Each structure stands twice: as structure tokens, then as C-alpha cells.
Amino acid sequence: MRARNHNGETVVGLEIATTKVVFMVAEQRDDGEITVRALATHPTTGLRKGQVVDYESARTCLGEALHDLRQNYSVPIKRLFLSVSGPHIQTLRNRGHVAVLNEDLEITEEEVQHVKQVAAAISLPEDRVLLHTIFGRYRIDDAQSALRPEGMTGARLSADMLAVHGSQTHFRNLAKLVRDLELECSDTVFSGYASAAAVVRPEQKRSGVVVIDLGGGTTDYMAYTDETIGAMGVLGVGGEHVTNDIAQAFGLTTREAEQIKRDHGSSLLERTTKVTELARQYNRKRTVPLASLRTVIHARMEETFGLIRERLEAEGVLAPVGAGILLTGGGALLRDADVLAEKVFNKPCTVVSPWRLHGAGLADRPELATVAGVVRYGLRNKSDSGRHSGLLDWFRVFWDGDREGVEQDDLFV
Ligand SMILES: Nc1ncnc2c1ncn2[C@@H]1O[C@H](COP(=O)(O)OP(=O)(O)O)[C@@H](O)[C@H]1O
Ligand SMILES: [Mg+2]
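Caption draft 1: Seen up close, the site of ligand 1. Near ligand 1 there are 19 residues, and of these Thr 19, Gly 216, Glu 258, Lys 261 and Gly 330 occur at the shortest range. A distance of 3.4 Å separates an oxygen atom of ligand 1 from a polar side-chain atom of Glu 15. Take Lys 261: an N or O atom from its side chain is 2.6 Å from an oxygen atom of ligand 1. A total of 580 Å² of accessible area belongs to ligand 1 in isolation, and the protein chains cover 89% of it. Going through the elements one at a time, α6 (239–250) and α7 (254–264) are the ones with two or more residues in the shell around ligand 1. Across the shell around ligand 1, the residue classes break down as four nonpolar, eight polar and seven charged.

Caption draft 2: Representation of unusual backbone geometry. The phi dihedral of Leu 105 falls on the positive side, at around 60 degrees, and the residue is not glycine. Position of Leu 105 relative to the elements: it lies in the loop between β7 (90–99) and α2 (109–120). The class of Leu 105 is partly exposed, set by a relative accessible area of 33%. With a phi close to 60 degrees, Asp 336 is a non-glycine residue in the positive phi region. Along the chain, Asp 336 falls in the loop between β17 (325–328) and α9 (337–345).

Caption draft 3: Looking closely at the side chain of Thr 44. For Thr 44, the location among the structural elements is in the loop between β3 (34–43) and β4 (47–48). We classify Thr 44 as buried; its relative accessible area is 13%. A distance of 2.7 Å separates the side chain of Thr 44 from the backbone nitrogen of Lys 20, its partner in a polar contact. Those residues within four positions of Thr 44 in sequence are excluded, and the remaining contacts are Ala 17, Thr 18, Thr 19, Lys 20, Val 21 and Cys 61.

Caption draft 4: The arrangement of the pairing of strand β12 (residues 209–214) in detail. Burial of β12 is extensive: six of the six residues sit out of reach of the surface. Residues Val 209, Val 211 and Asp 213 of β12 are buried on one face, and the alternating residues Val 210, Ile 212 and Leu 214, pointing to the opposite face, are buried as well. The sheet contact formed by β12 and strand β13 (residues 219–225) spans six bridges and is antiparallel. Bridge pairing links Ile 212 to Tyr 221 in β13. What sits between the antiparallel neighbours β12 and β13 is a turn of four residues. Across four bridges, the pairing between β12 and β17 is parallel.

Caption draft 5: Local environment of the nonpolar core. If you look at the biggest cluster of nonpolar residues, it comprises 68 residues, and the most contacted ones within it are Phe 23, Leu 80 and Met 232. Those residues within four positions of Leu 80 in sequence are excluded, and the remaining contacts are Val 12, Leu 14, Phe 23, Val 178, Leu 183, Glu 184, Cys 185, Ser 186 and Asp 187. Listed in part, the 38 residues of the second largest apolar core include Ile 212, Val 288, Leu 312 and Leu 340.

Caption draft 6: Here's a closer look at α7. Those residues of α7 lying buried are Glu 256, Ala 257, Ile 260 and Lys 261. Taken down its axis, α7 places every buried residue within 135 degrees of arc, on the same side. Counted as exposed and oriented over 90 degrees from the buried face of α7: Arg 255 and Arg 262. Considering only its buried residues, α7 is in contact with α6, β15 (275–277), β16 (287–289) and α8 (290–314).

Caption draft 7: Highlighting the sheet that holds strand β10 (residues 156–167). Read from one edge to the other, the open sheet built from four strands follows the order β7-β10-β8-β9, with strand pairing classed as antiparallel. Two strands in the sheet have a free side with no partner beyond their single neighbour: β7 and β9 (144–146). Strand after strand, the sheet turns through a mean of 30 degrees between neighbouring axes, direction not considered. Against the sheet, helix α3 (residues 168–180) touches β8 (128–140) and β10, its axis set at about 60 degrees to β10.

Caption draft 8: Examining the pattern of salt bridges more closely. Within the structure shown, the criterion is met by 18 salt bridges. A salt bridge links Arg 59 to Glu 56; the shortest N-O distance between them is 3.3 Å. Taken together, the positions of Arg 59 and Glu 56, both in helix α1 (residues 55–72) and three residues apart, correspond to about one turn of that helix.

Caption draft 9: How the structure looks around the packing of α6 against α8. The geometry of α6 relative to α8 is characterised by a closest axis approach of 9 Å and an angle of 140 degrees between their N-to-C directions. Crossing hand, α6 versus α8: right-handed. Residues His 241, Val 242, Asp 245, Ile 246, Ala 249 and Phe 250 of α6 touch α8, and the partners they reach there are Ser 292, Leu 293, Val 296, Ile 297, Arg 300 and Met 301. Among the residues forming the contact of α6 with α8, the class breakdown is eight nonpolar, two polar and two charged.

Caption draft 10: Seen up close, the packing of α1 against α3. Viewed as axis vectors pointing N to C, α1 and α3 meet at an angle of 50 degrees, and their least axial separation amounts to 10 Å. Taken together, α1 and α3 sit at an angle that is classed as oblique. Between α1 and α3 lies a crossing of right-handed hand. Between α1 and α3, the contacting residues are Tyr 55, Ala 58, Arg 59 and Leu 62 on the first element and Asn 173, Lys 176, Leu 177 and Asp 180 on the second. Here the residues of the contact of α1 with α3 sort into four nonpolar, one polar and three charged.

Criteria and cut-off values
- The numbers attached to residues start from 1 for each chain and follow its sequence in the written order.
- Each chain is given a letter, starting from A, and each ligand a number, starting from 1, according to the order in which they appear as written.
- Per-residue local features are limited, in this predicted model, to residues with pLDDT of at least 70; the limit for side-chain atom pairs, both in listing and counting, is 80 or more; totals at the level of whole chains, interfaces and linings are taken over all residues.
- Working from all heavy atoms in the structure, the side-chain values ignore hydrogens and water.
- Working definition: residue near molecule or strand if any one of its non-hydrogen atoms lies within 4 Å of it.
- A 3.5 Å cut-off defines polar contacts: any pair of N or O atoms within that distance qualifies, except that in protein one atom must be a possible hydrogen donor and the other a possible acceptor, and neighbouring residues in sequence count only when both atoms are side-chain atoms.
- Here the accessible surface of atoms and residues is derived via Shrake-Rupley with a 1.4 Å probe, and residues count as covered only by protein chains that are part of the display.
- Comment: elements are numbered from the N terminus, with helices defined as DSSP H or I runs of at least four residues and strands as E runs of at least two.
- Classes in brief: Ala, Val, Leu, Ile, Met, Phe, Trp, Tyr, Cys and Pro nonpolar; Asp, Glu, Lys and Arg charged; the others, Gly included, polar.
- Each residue is assigned to one of three classes by its accessible area relative to the maximum for its type, calculated with a 1.4 Å probe on protein chains only: buried under 20%, partly exposed between the two thresholds, exposed over 50%.
- Contacts between residues were defined by any pair of non-hydrogen atoms, one from each residue, lying within 4.5 Å.
- Any two strands with at least two DSSP-identified bridges between them are counted as paired.
- Residues belong to a common nonpolar core when they are buried Ala, Val, Leu, Ile, Met, Phe, Trp, Tyr or Cys residues joined through side-chain atoms within 4.5 Å.
- The directions from the helix axis to the C-beta atoms form the arc being described.
- As a rule, the C-alpha atoms of each element are fitted with a line to give its axis, helices using only the stretch in contact, and angles between N-to-C directions run from 0 to 180 degrees.
- Salt bridge criterion: a side-chain nitrogen from Lys or Arg within 4 Å of a carboxyl oxygen from Asp or Glu.
- Take the far helix as your reference; a near helix turned counterclockwise from it by less than a right angle gives a left-handed crossing, and one turned clockwise gives a right-handed crossing.
- Angles below 35 degrees are treated as roughly parallel, those above 145 as roughly antiparallel, those between 65 and 115 as roughly perpendicular, and all remaining angles as oblique.

So, to be careful, I would describe these as geometric facts and stop short of saying anything about function.
Okay, structure coming up:
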């Protein structure tokens, strides 16, 4: 179990996402709540779906965001926690087994550590790096399931492990960006995991819940069932696809399409003869039939939710979800996204923002879920990260794949 971070320490979180880069400086309060000391957001340039496509442009954009942060936060910023997203992120499951050799068959901490090692012993292809090793339920004699098996008895102990891994090239470029800003990365966290950590409440975790973060170019999901993480992943589709669909369907610029999506869009179909006017600054006389606009949006949103439903069903984690679906990320602000999700998943669905987060202008900001989760992760794991000194070590940790997993309960308390 990792040592907890001392109250009063600050951490810096960085999310480099499709539409924006966000730095957040936050501090843990004595009561466990988080106070945000500074926040800087800048529109993303040079990245697509979380991957660097134009290095110089990406560096400038991050540099400007950092400059803004330094303007409103006087303490020096050196180390940060970084979220990682993109369709290159994948998961791998493994189950490990060990025999319980104690005379009385009592399972001790030693057996638990051993079975975790066995479950975590996977080999990834050379071009992949390990991001998280998350342990789920244990099984005793293939019969009884346990969250904490220490003290129980049995002849055989098994552990389930979910590894989250990503593309090495992707990490290398992100690492270079961070280094070029003369910053050090303490640790990285999968953005979907971070978003879930920021919005899920303990009672939802107990009942089982799915978190969907609708971003610009990606949609992350994470299912929490049976008090463990059942599935997580990324789709390379997001709000920008909705915008592009609108632009193509009605011959608009992306900016116009974005505007019309926010002002008149909805995920639901509507029979109406009403038309919507385009943003006036372009002096264009075009109008868009509202019913067609919604048909276009509905098609993309229904497809996106449908893909996630298929993946969750394939993993067998949708049926046991009792607390329903939580939608977050900027895309969750699309009108009636929750109503459509309710139909697709046949589960109650709510739009949520980070909770236990304090600071001006932070209420109802679903687009901050990831960065809020990153600082939560950082506050949880900061004391441990001291052993990595800078990016070189950070890389060494990646190359060796020698990285201790963060137990999920460390994140979701
Ligand atoms: N009011 C709104 N209505 C509809 N979509 C919105 C609204 N606000 C933001 N979005 C969409 O949210 C997406 C960005 O979400 P965000 O979580 O900030 O993305 P990312 O983290 O990937 O940069 C964009 O595609 C944008 O169109
Ligand atoms: Mg996001």
C-alpha cells in the first residue's frame, strides 16, 4: 500500500487533449477535499486525438498555457502529472494463480503479493508501454470471490489483473514536449481512469457504474462493476466528429458547425419544420433545417454510444451496472446526450462534473473531469513519485516495464 500524500501539498496536473490543454494546480485539504489554486486552459494546436502531429505548434500551445499558469500562480512549477489518451490505449487481462502453502491454508500478505506478481507477469510487444496494472477481485479455490483475501483460507489463490498500455512513440513525443518546457513528469495516468476518479462517488462504485468522457476527438469509458474495474478503453470518436458531420452535411465551416451544434444541436430526433440561422458574423444567408441537424447529430451520437455498449457487453460488464451511466467531458454538454444514452444503454444516465473540487468557476465543468482526476491521482501518489527523479527515470521506468500498479482503491476513495 502506498503512503498517502501529506495534506497541504500541491500537485500540478496536465491534460493535453484534442481541443484544449489544461494545467491545474491543486492542493489537498485536511478534510480530503481538493482546492484548486490555479487553472490555465489553452486551445490545442499540433495534436490530433491526443497524438502529436505538428511538434512546433504543440510546443507553442503548451508553452502559452504554461505561461498563463505562471501568471496566476506564483510558486515555481517543476513537476507534473500527465494524462494520456488516444485510441492507441488498450487493455490486457491476465489471471494469476498460486498455491497456498501454509499448513493451515491461511492466506497472508505474502500470498497476496505473490499472486499479484504472477498476474502482472505479462509481456507486451516492444512498441508498447505499460501505463497501469490494476488488480481486481481475488478468487479462492476458484469458488469464493474476495476483495481482500488476507486472513481467509483456501488451497489456491487467484488474482485478476487489468493492464493498460499505450504506444511507445506516443509517449516519447509527449515526454519530449514536457522536457522542452523544462518540466518533469512524475507519472502518467490514462485519461478515462482520471475522469472516472474525478466524478464517481463511493456509493456509485459499490452499485456499479459506467463513466463515459466525451471529448473532442476521443471518447473514454470505464466500467466499475463488482467493486473492481471491469473494463476501460478509448474510441477515436468525439464531439469534433459531430461537428464535422454537421459541416459536411450542410456545407458549413467547422466554426459555423460548432456554433450551430452548441446553439441548436440535440442528440434526439425531432419532427419539426423549423429552421435555424447560421452565425451572423459570416453574413451568410444559409439556414439549416432543425430536423436534419438533429438527424445528423443523433446518428453520430447513437453510433458512439452503441459502440461503447457493444464493448461493455462483450466484456460482460454492462448488465451488473446498478448506478447507471455517468456522462462527462465537454461533449456531455450536448443537449439531451443523457436522454439518448439512457435509451441506448437502457440504464439511468446523468451528466456529471468533478466533485470535491473547490475554486472559483469550477462548478458544472464536465470538461475538467480529466485534469481534476489527474490532480487527484497526483495527490494520492505524489509521495511515491519522489523516487523517480526526472524524465530519464520516468523513461527508464517505462522501458523496463517495471512499474508497480496503483491499486484502484487508492484512487477511488
Ligand atoms: N455546449 C456544448 N454543446 C455541445 N457540445 C459541446 C458543448 N461544449 C463543448 N462541447 C463539445 O465538447 C468537445 C470538447 O470536450 P472536451 O472534454 O473539452 O474535449 P477534450 O478534452 O478532448 O479536449 C468538443 O467537441 C465540443 O464541441
Ligand atoms: Mg477531455
